[in-house]
Structures are given as C-alpha cells and as structure tokens.
Amino acid sequence: MPVGRNWPKLLKAWNPQWVIGRVIGVRLEQVAKVKCVKMVLDPYIVTYFGKPRTFYAHDPEKKCTMGDVVLLKALPEPAPTTPHPSTHEISEFVHQVGRIYDPIRGQRCEGTALLPPTKHKLPVEPPKGRPYREIPAPERSPYEKILPDTEYYRNKDMHKS
Amino acid sequence: MWLTLAKLSGGVMFKGRMLGKYPIRRTRTFLESGEIVFKDRVKIMSVNYNVFEKNSEGAREFVFFHLPQVQYKNPEVQVVTFKNLTPSPFFKFYLDDGEQVLVDVEYKSRQEIVKHVKKILGKTDKELEEIKTSQQQSINIANFGPRWPRKCICEIEGQLPCSSSEDFPKELRGKYQMKKRMEERY
C-alpha cells in the first residue's frame, strides 16, 4: 500500500474483499452507490482522518434504500452493469433505515431507547429513496428474540436514568 | 505504565505545549505502544457506542485513546464507528470467511475491553516476538549507508580514510589516471 499524503493514489489501491459503507445512490438500475470510509494517518499532524471512496454494488432485486449501512463482498469478476461495472455485491444489511435492532437485547430501537413490541412493524411514511411497498418484506432479523412484554417495560426508563 | 509527555522528554522539565486534549495521543511512541495486533483473519472492526449514556463510558474512552493505536498497528483493517444507534454499546468483528464476532461492552472499563479483545482476536506476545526476531535476522549487520549506523564506506575498518580529512593517493585519483591515458595516446 502506498504511504504518505497522496490520497487519490492510496484510495485507488484500496480494493478490499469486505467493506462496510452507507448507501448514497439508488437511482441507477441494478446498482447501488455505496460510500466507504478508510481511516488514514496524516504523517505531519499524526492524527487519523476518514477518506471516502464510492463503490458500486450489484443488487438486481432493489433491496436497499438511501442511508442503509451495508456489508459488501467483492465479486470474483465485475458484473457488466451500465453505466458503472459493479465490483461488489451486498451480502448483509448491518443497519437498515427505520429498522435498527439492538443485537444484545434483540428488540427494535430508536436512538438510545427501545421501542415497545407494538411498534415492531414498519413505519407508514416512506423515507427518501425507494418507498417501502416496493421493497420485499424482510424476514425476521437474526437478533430478534421473541421476548414477553415485561422485558420492554422493565427497560423502558433506561435512557432517562 | 502510562506514557506522558514528560516521560517522553526523558526526565527533563517539559514546558512545551502541544495542541489539543491529551496530545500524547498524537505521538509516534504512543501509537507504537499499542497492544492489540489482530490476526490475519480480521478484516473489519465496527464500534457502536453512545455519547451521553453511562453504560458506554469505557467504550468512549477506548475510542478516544486506543482506537488510533489499533489502526496504527493494523493498517489493513477497516475501523468503523457508529454513535447513538442502539441503547447498548458493542463491538463487532467481521472475519475473512464471513464469520462475525459480537462483543458486549456495556459497563466495562477501557482496560478490560483491551484485555478482552487482545485475548479473543489478538496475536499473542510470543508470536509478536517471533515476528520481531525474524525481521532482525533478515537485516545484514554488514550494511552501510544513509539508513544504517555507518553512513559511509570510510567508517569501516580496512577501507580508505575519508577524502574530506586526507587527500587520496595520487595513483587512485581520476585526474591522474586520465592524464596518463592521454599521454600514452599522443
């Protein structure tokens, strides 16, 4: 990997197999634009700054919306999509917009507060990007535990204390 | 042993001021004294923590002090942080074969977090020593040059002395040899 202050050269040489990024573009057909950030050391100030790079991910089923945090896996060959050939594919949704799950408690949450079990369905207003009715309904998340209502009410005032 | 700017200066009274909070974090000695060196399988590390909650105090301090150390020792690993998304703080490591490791970090101090992460996914002290010795063995002691302790060939025993202190013998100077060749020709 090249070292120093030549940021464009350094970012062009960064072609990893696994990346995490945020979706910023959704208007292309079968392709999602994903912005991934790499922390790079400035040699004079000796601090780490985040340098962004966009990757093009191949999703023919249009599963993602704007703002999703996504885990990408590199394809063995870049897929022939127009106008940009997509080098990665979406392997997992880390955090989806409006559907964030707390992996330790297994419930849906909004910011630093857990939501009650009645609100575990999707919100009604469609966010920016594709509306929810176009996206296929998700299966149960890997973190979701079927907890009784008492678990929510026990932790209801957690964020206040 | 916690590093301080006074200790780095070698016991001399340190009056200079670097900018920022805890500017010791911005020194190379601090970055190189990091303990966590990940195994080759780890590709991504993601840190989820809260900014104002009490349960993620240790995570906040870890991100403030130890995250640059981790990134310095593992430049190939992508380190990603998320703030205030979930009520509980956690770390997640993504390995090469698709495996994921979840580490709960709620109400833990930063020293406990560093120990735990080093135990799970870090290289042991033995492996690090082996890597050090193998790097030293590959270096040839007889080398000289701008990168090594002996800068010029004149410092080596058995070679000619430096041309800055003593003139070269006449027979070895290029002037003399060219002059001789010209005389032989004409």
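Residues numbered from 1 in each chain as written. Chains lettered and ligands numbered in written order. Predicted model: local features only at pLDDT ≥ 70, side-chain atom pairs only at ≥ 80, totals over all residues. Heavy atoms only, no water.

### Observations concerning the overall build of chain B
From N to C terminus, chain B includes 6 helices and 4 strands. Beginning at the N terminus, the succession of helices and strands in chain B can be written as α-α-β-α-β-β-β-α-α-α. For a compact globule of 186 residues, the expected C-alpha radius of gyration is about 16 Å, and chain B comes in at 27 Å, more than 25% above that figure. Overall, chain B is about 95 × 50 × 30 Å in size when its C-alpha atoms are taken along their principal axes. Burial status across chain B gives 33% buried among its 186 residues. Across chain B, the fraction of contacts at a sequence separation of at least 24, relative to all contacts at a separation of at least 6, is 61%. (Helix = DSSP H or I, 4+ residues; strand = E, 2+ residues; numbered from the N terminus. Rg over C-alpha atoms; globule rule 2.2 N^0.38 Å. Buried < 20%, exposed > 50% of the residue type's maximum accessible area, 1.4 Å probe, protein only. Contact = heavy atoms within 4.5 Å.)

### Quick look at the sheet that holds strand E4 (residues 69-79) of chain A
All names here are of chain A. Around the barrel, 5 strands lie side by side as E1-E2-E3-E5-E4; this closed barrel has mixed pairing. Across the sheet, the mean angle from the axis of one strand to that of its neighbour is 50°, orientation sign disregarded. Of the pairings in the sheet, the one linking strand E2 (residues 31-42) to strand E3 (residues 47-58) comprises 12 bridges and is antiparallel in character. The partner of Lys-35 across the bridge, within E3, is Thr-54. (Pairing = 2+ DSSP bridges. Axes fitted to C-alpha atoms, helices over the stretch in contact; angles between N-to-C directions.)

### Brief notes about the domain arrangement of chain B
On domain assignment, one finds that chain B holds domain 1 (17-124) and domain 2 (153-181). The straight-line distance from the C-alpha centre of domain 1 of chain B to that of domain 2 of chain B is 58 Å. (Domains from an automatic or database assignment.)

### Looking at the sheet that holds strand E1 (residues 42-49) of chain B
All names here are of chain B. Read across the open sheet, the 4 strands follow the order E2-E1-E3-E4; overall the sheet is mixed. Taken across any chain shown, the strands that pair with only one partner, and hence form the sheet edges, are strand E2 (78-83) and strand E4 (100-104). For this sheet, the mean inter-axis angle between neighbouring strands, taken without regard to orientation, is 15°. Helix H3 (residues 57-73) rests against E1, E2 and strand E3 (90-95) of the sheet, and its axis sits at about 160° to E1.

### Quick word on the interface of chain B and chain A
By a widespread convention, an interface's size corresponds to the accessible area lost as its parts come together. With 34 residues of chain B at the interface, the matching set in chain A holds 34 residues. Here chain B meets chain A over a buried area of about 2700 Å², counting both sides, of which 60% is carbon and sulfur. Of all residues in chain B, B:Arg26, B:Gln78 and B:Pro87 bury the most surface against chain A, accounting for 21% of the area lost on that side. Residue B:Glu106 is joined to A:Arg105 by a salt bridge in which the shortest nitrogen-to-oxygen separation is 3.0 Å. Counting only elements with at least two residues in the side of chain B that touches chain A, the list comes to helix H2 (28-32), E1, H3, E2, E3 and E4 of chain B. When grouped by side-chain class, the residues that make up the side of chain B that touches chain A number 15 nonpolar, 10 polar and 9 charged. (Buried area = accessible area lost by both parts, 1.4 Å probe. Salt bridge = Lys/Arg side-chain N within 4 Å of Asp/Glu carboxyl O. Nonpolar A, V, L, I, M, F, W, Y, C, P; charged D, E, K, R; others polar.)

### Description of the UniProt feature "domain: Ribosomal protein/NADH dehydrogenase" (unreviewed entry) in chain B
As recorded in UniProt, the sites labelled "domain: Ribosomal protein/NADH dehydrogenase" (unreviewed entry) are residues 54-124 of chain B. End C-alpha atoms of residues 54-124 of chain B are separated by 32 Å, and the span's content is 41% helix alongside 24% strand. (UniProt positions renumbered as here; feature names shortened; annotations may be inferred.)

### Observations regarding the packing of aromatic side chains
Residues and elements named next belong to chain B. What the rule picks out here adds up to 6 aromatic pairs over all chains. Between Phe-38 and Phe-93 the ring centres are 5.6 Å apart and the planes differ by 70°, which places this aromatic pair in the edge-to-face class. Of this pair, Phe-38 sits in the loop between H2 and E1 while Phe-93 is found in strand E3, placing the two residues 55 residues apart along the sequence. For Phe-38, a relative accessible area of 4% gives the class buried. (Phe/Tyr/Trp six-rings, centres within 6.5 Å; stacked < 30°, edge-to-face > 60°.)

### Quick word on a positive patch on the surface
Residues and elements named next belong to chain B. Taken together, the side chains of Lys-170, Arg-173, Lys-175 and Lys-179 make up a positively charged region of the molecular surface. Mapped onto the secondary structure, Lys-175 falls in helix H6 (residues 174-185). Relative accessible area serves as the criterion here: at 69%, Lys-175 is assigned to the exposed category. (Patch = residues over 30% accessible without salt bridge, like charges linked within 9 Å, V, L, I, M, F, W, Y side chains within 5 Å. Areas by Shrake-Rupley, 256 points an atom, 1.4 Å probe, with all protein chains shown as cover. Lys, Arg positive; Asp, Glu negative; His and termini not counted. Charge placed at Lys NZ, Arg CZ, Asp CG, Glu CD.)

### Quick notes on the packing of H3(B) against helix H4 (residues 110-121) of chain B
All names here are of chain B. The geometry of H3 relative to H4 is characterised by a closest axis approach of 8 Å and an angle of 70° between their N-to-C directions. With respect to H4, the axis of H3 lies roughly perpendicular. Between H3 and H4, the contacting residues are Gly-58, Ala-59, Glu-61, Phe-62, Phe-65 and His-66 on the first element and Arg-110, Ile-113 and Val-114 on the second. Considering only residue class, the contact of H3 with H4 consists of 5 nonpolar, 2 polar and 2 charged. (Parallel < 35°, antiparallel > 145°, perpendicular 65-115°, else oblique.)

### Focus: the nonpolar core
Judged by nonpolar contacts, the single largest core of 23 residues is most densely connected at B:Phe38, B:Met45, B:Phe62, B:Phe91 and B:Phe93. Only E1, H3, E3, E4 and H4 of chain B provide two or more residues apiece to this core. Discounting chain neighbours no more than four positions away, the residues touching B:Phe62 are B:Ile36, B:Met45, B:Leu67, B:Val70, B:Phe91, B:Arg110, B:Ile113 and B:Val114. Core analysis: the next-biggest nonpolar cluster, separate from the first, contains 14 residues, A:Leu11, A:Val19, A:Ala57 and A:Ile90 among them. (Core = buried A, V, L, I, M, F, W, Y, C linked by side-chain atoms within 4.5 Å.)

### A short note on the pairing of E2(B)
All names here are of chain B. In the sheet, E1 pairs with E2 via 6 bridges, with the strands oriented parallel. By the bridge assignment for E2, Met-45 is matched with Val-79. Assessed by its sense of winding, the connection that carries the chain from E1 through H3 to E2 is right-handed. (Right-handed = clockwise from strand over helix to strand, strands pointing away.)

### Looking at the environment of B:Thr124
Residues and elements named next belong to chain B. You can see Thr-124 is positioned in the loop between H4 and helix H5 (125-138). Exposure remark for Thr-124: the relative accessible area of 44% places this residue in the partly exposed category. In the structure, Thr-124 is positioned 88 residues away from Ile-36 in sequence and 9.2 Å away in space, judged by C-alpha atoms.

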